[in-house]
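Geometric and topological summary
Listed below, chain by chain, are the residues.
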Amino acid sequence: TADDIIEAYVTSSDEKGTFYKSISFQSIPTDGSNPVGFSVPVNLTSLYGKGFTPGRKVYIKLNGLYAAKVYGSLQIGSLYQGTIGRISEFDWLDHLFPSNTIKAEDTFVRTFSLSAAYTDVIQNTLIELDAVQFSDTSINRTYYDVDSGGGATNHTLVSSAGGPERIIRFSSFAPFTGNQVPKTSGKISGVLTKYN
């Protein structure tokens, strides 16, 4: 209810269709503490064309918005049927203000092991997973596999050093969906989000 304004940096982009009507953000602390990641659902597409590009600082006016944990992730948006919903296409200009400040992604990306990355406090922040590979069940498949049904395909990642497998999901809208998953180990970077 107060005129509080926070600042955060964009970690996602809907330019290639991999995020839909949502912007992921994270803080960039200057005191050595861990960043806080969160998402803001907005009832618009092509948000990258409105200034919401990775690394850009955005000011968010909180007055009139709501916050809640959804699937372990902090979300800030409008109230919709008792939960967090999208900020309407008529109201977003009252709450989201992209600045001219842009930080290079490599200045705030953090590297994690596979087991350490799949925690709620990491969600919506920019991360890199080192020494990971796809499990044998994903080899010779494409990132999006139409045989799996639905609009996304689940694959499993494993650490090159061993340990538990983790699910990674690829949308049918990703620009690389027709490429085969690699057989070798390496790095993966992006924004981790969870859905039920």
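Let us look at the structure shown here. (Residues numbered from 1 in each chain as written. Predicted model: local features only at pLDDT ≥ 70, side-chain atom pairs only at ≥ 80, totals over all residues. Heavy atoms only, no water.)

Turning to the side chain of S78, a few remarks are in order. Within the fold, S78 resides in strand β6 (residues 73–80). Ignoring any residue separated from it by four or fewer positions in sequence, one finds S78 in contact with L65, Y66, T83, I84, G85, R86, I87 and S88. (Helix = DSSP H or I, 4+ residues; strand = E, 2+ residues; numbered from the N terminus. Contact = heavy atoms within 4.5 Å.)

A word on the pattern of salt bridges. Proximity of charged atoms lets side chains of opposite charge pair with each other. Per the counting criterion, the structure on display carries three salt bridges. Between K57 and E7 there is a salt bridge; the shortest N-O distance is 3.8 Å. With K57 in strand β4 (residues 56–61) and E7 in strand β1 (residues 5–10), the pair connects residues that are 50 residues apart, well separated along the chain. Its relative accessible area of 12% is what places K57 among the buried residues. Between E128 and K187 there is a salt bridge, with the nearest N and O atoms lying 3.8 Å from each other. Residue E128 is located in strand β10 (residues 126–134), and its partner K187 is located in strand β13 (residues 186–191); the two are separated by 59 residues in the primary sequence. (Salt bridge = Lys/Arg side-chain N within 4 Å of Asp/Glu carboxyl O. Buried < 20%, exposed > 50% of the residue type's maximum accessible area, 1.4 Å probe, protein only.)

What follows is about the packing of aromatic side chains. Counted by the stated rule, this structure contains eight aromatic pairs. Centre to centre, the rings of F52 and W92 are 5.9 Å apart; their planes meet at 65 degrees, and the pair counts as edge-to-face. In this pair, F52 sits in the loop between β3 (37–41) and β4 while W92 sits in the loop between β7 (83–85) and β8 (96–102), placing the two residues 40 residues apart along the sequence. Judged on exposure class, the residue F52 and its partner W92 are both buried. Of the aromatic side chains, those joined through ring pairs into one cluster are F134, Y143, F170 and F176. (Phe/Tyr/Trp six-rings, centres within 6.5 Å; stacked < 30°, edge-to-face > 60°.)

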